[in-house]
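# Observations on chain architecture
Spelled out, the chains give:
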Amino acid sequence: MTIKTIMVVGAGLMGAGISNVSAQAGYTVIMNDIKDELVEKGFNTITKSLDSQIKKEKITTTDKDEYLKRITKSLSLDDAKKADFVIEAAFENFNVKKSIFEKLNALCPPEVIFASNTSSIPISSLATTVNRPDKFIGMHFFSPVPVMKLVEIIPGLKTSPETIKTTEELATSLKKETVCVKDVPGFLVNRINAAFRAEVFNCLLEGVATLEDIDKAVKLGLNHPMGPFELNDAVGIDIGLNVFRTLYEGYKDTKFRPPLVMEKMVQSGDLGKKTGKGWYDYTSGEKKPRKDLNL
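Read on for an overview of the structure. (Residues numbered from 1 in each chain as written. Predicted model: local features only at pLDDT ≥ 70, side-chain atom pairs only at ≥ 80, totals over all residues. Heavy atoms only, no water.)

For the bond running from Ser 143 to Pro 144, omega is -5°, close enough to zero to count as cis. Position of Pro 144 relative to the elements: it lies in the loop between β6 (136-141) and β7 (150-155). Here Glu 57, not a glycine, exhibits a phi torsion of approximately 60°, which is positive. Among the secondary structure elements, Glu 57 is positioned in the loop between α2 (36-55) and α3 (61-69). Even without being a glycine, Lys 252 presents a positive backbone phi close to 55°. Locating Lys 252 in the fold gives a position in the loop between α10 (237-251) and α11 (260-268). Residue class for Lys 252 comes out exposed when judged on its relative accessible area of 61%. (Helix = DSSP H or I, 4+ residues; strand = E, 2+ residues; numbered from the N terminus. Buried < 20%, exposed > 50% of the residue type's maximum accessible area, 1.4 Å probe, protein only.)

Once that is clear, we can look at the sheet that holds β7. The strands making up a sheet are joined through hydrogen bonds of the backbone, oriented either antiparallel or parallel. Here 8 strands make up an open sheet; going across it, the order is β3-β2-β1-β4-β5-β6-β7-β8 and the pairing mixed. Since the sheet does not close on itself, it has two edges, and those belong to β3 (71-74) and β8 (177-180), each with one partner. Between one strand axis and the next, the sheet turns through 25° on average, direction left out of account. Pairing of β6 with β7 involves 5 bridges; the strand directions are antiparallel. Pairing of His 140 across the sheet is with Glu 152, part of β7. (Pairing = 2+ DSSP bridges. Axes fitted to C-alpha atoms, helices over the stretch in contact; angles between N-to-C directions.)

Now for empty space enclosed by the protein. Inspection of the entire model under this criterion finds 1 cavity of 30 Å³ or more. What the largest cavity holds in volume is close to 30 Å³. What lines the largest cavity is Arg 197, Val 200, Phe 201, Pro 228, Phe 229, Asn 232 and Trp 279. Broken down by secondary-structure element, the contributors of at least two residues to the lining of the largest cavity are α7 (189-205) and α9 (228-235). Among the residues forming the lining of the largest cavity, the class breakdown is 5 nonpolar, 1 polar and 1 charged. (1 Å grid on protein atoms, 1.4 Å probe; cavity = no way out; pocket = protein on both sides within 12 Å on 5 of 7 lines; lining within 4 Å. Points joined across faces, edges and corners; volume = space filled by probe spheres on them. Nonpolar A, V, L, I, M, F, W, Y, C, P; charged D, E, K, R; others polar.)

In this structure, Ile 6, Phe 85, Ile 87, Met 139 and Phe 141 are the most contacted members of the largest nonpolar core, which totals 35 residues. Sort the elements by how many residues they give to this core and helix α1 (residues 13-24) lands first, with 5 residues. By size, the runner-up hydrophobic cluster in this structure holds 22 residues, among which are Ala 80, Val 86, Leu 104 and Ile 154. (Core = buried A, V, L, I, M, F, W, Y, C linked by side-chain atoms within 4.5 Å.)

With that settled, consider the packing of aromatic side chains. Scanning all chains against the criterion turns up 7 aromatic pairs. Note on Phe 101 and Phe 114: the rings are 5.9 Å apart at their centroids and 40° apart in plane angle, and the pair reads as tilted. Linking Phe 101 in helix α4 (residues 94-107) with Phe 114 in strand β5 (residues 113-116), this pair joins segments that are 13 residues apart in sequence. Judged by relative accessible area, Phe 114 falls into the buried class, the value being 0%. Between Phe 201 and Phe 244, the ring centres sit 6.4 Å apart and the planes meet at 55°, which makes this aromatic pair tilted. On the criterion of sequence distance, the pair formed by Phe 201 in helix α7 and Phe 244 in helix α10 is long-range, its members being 43 residues apart. Neither Phe 201 nor Phe 244 differs from the other in exposure class; each is buried. Aromatic ring contacts, followed pair by pair, group Phe 201, Phe 229, Phe 244 and Trp 279 into a single cluster. Across the ring face of Tyr 280, the terminal group of Lys 287 is positioned such that the distance to the ring centre comes to 4.6 Å. (Phe/Tyr/Trp six-rings, centres within 6.5 Å; stacked < 30°, edge-to-face > 60°. Lys NZ or Arg CZ within 6 Å of the ring centre and 35° of its normal.)

Geometry only, nothing functional implied.
Structure below.
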C-alpha cells in the first residue's frame, strides 16, 4: 500500500506534532479539528517548532516553507476521503474517539488504515467502532513528537499482519523507532511511567521533597529531560489523570489508583500549560513555582 496523504484528527500538542513530522517526511498532511482556532493554534505550534529548528541550523527557511505548504487545515472529517492513512489524536476519551471513528468508517475507502494515538484506551475496544478491525491499530507517539524517537505499535485482537507492517514502515519513514506492544491497559511505557509517577506523588505528599526539587532530582539524578511535574504540565494533568483511571480500571491494582491531588487539580481547572496553571504557573510566559497550592 502506498501512502501519500495522511489525515491527522486533532490539532492539539500531539496532533500538531504528528502533522509536523509527517510533513517533514514528505507526506501531504490534512490537519483536522472541530474549531478554526484549534487548527490555527496547531499550525502556529508547528511554525514555532520549525523556527526553532532553523535557529539550530537543522533546517532552512526554504525547508520550513515547503513543509508548511504540505499541510492543509481542515474543519471537516469529510476531508478524510482524500487520505490514505488516518491518525486520530483527539481527546483521551473513549466516546469522543468512538464518534470520530464511526464517522471516518463511513467516509474512507475500505483499504484505509485507522491508527489511534491513544495513550491508554484498549485498541481492541476502539476497533469495535469500525467494520475494518483488521485495519485498526494503535500508533502511540510521545511528547514532544518532533523530539521523541519512540512510537509504540499496538495491534488489536484482529489487526492484520499487513496493517502492522504498513504502520511500522510509516513510523520508520517519520524517523521514529518502534516497539510492538500487546494491547493491555496503558500499553508499555505509560504502564511503567504511571507506577513511577505514583511514587513521585507519594514522595510529594509525604513531604520528602518539594515538587521543584523532585523535578530537579529526576532530571539530574535519573537523566530525564523533564521532571515528572513539568512533563505532566506539558502533556496535560487531565490526560495524565485519565491514564491513571484507565490503568486502575484495567488492572484493579491500588498502585494505579488515581491520585486525589490530580483529581483536585482537574476539578479546579488547573490542567497545566494549556490553562496557564498546573503544578507550575505559566501566566507570565515563564515557568514559575506556585505559591497558592495547598498540598
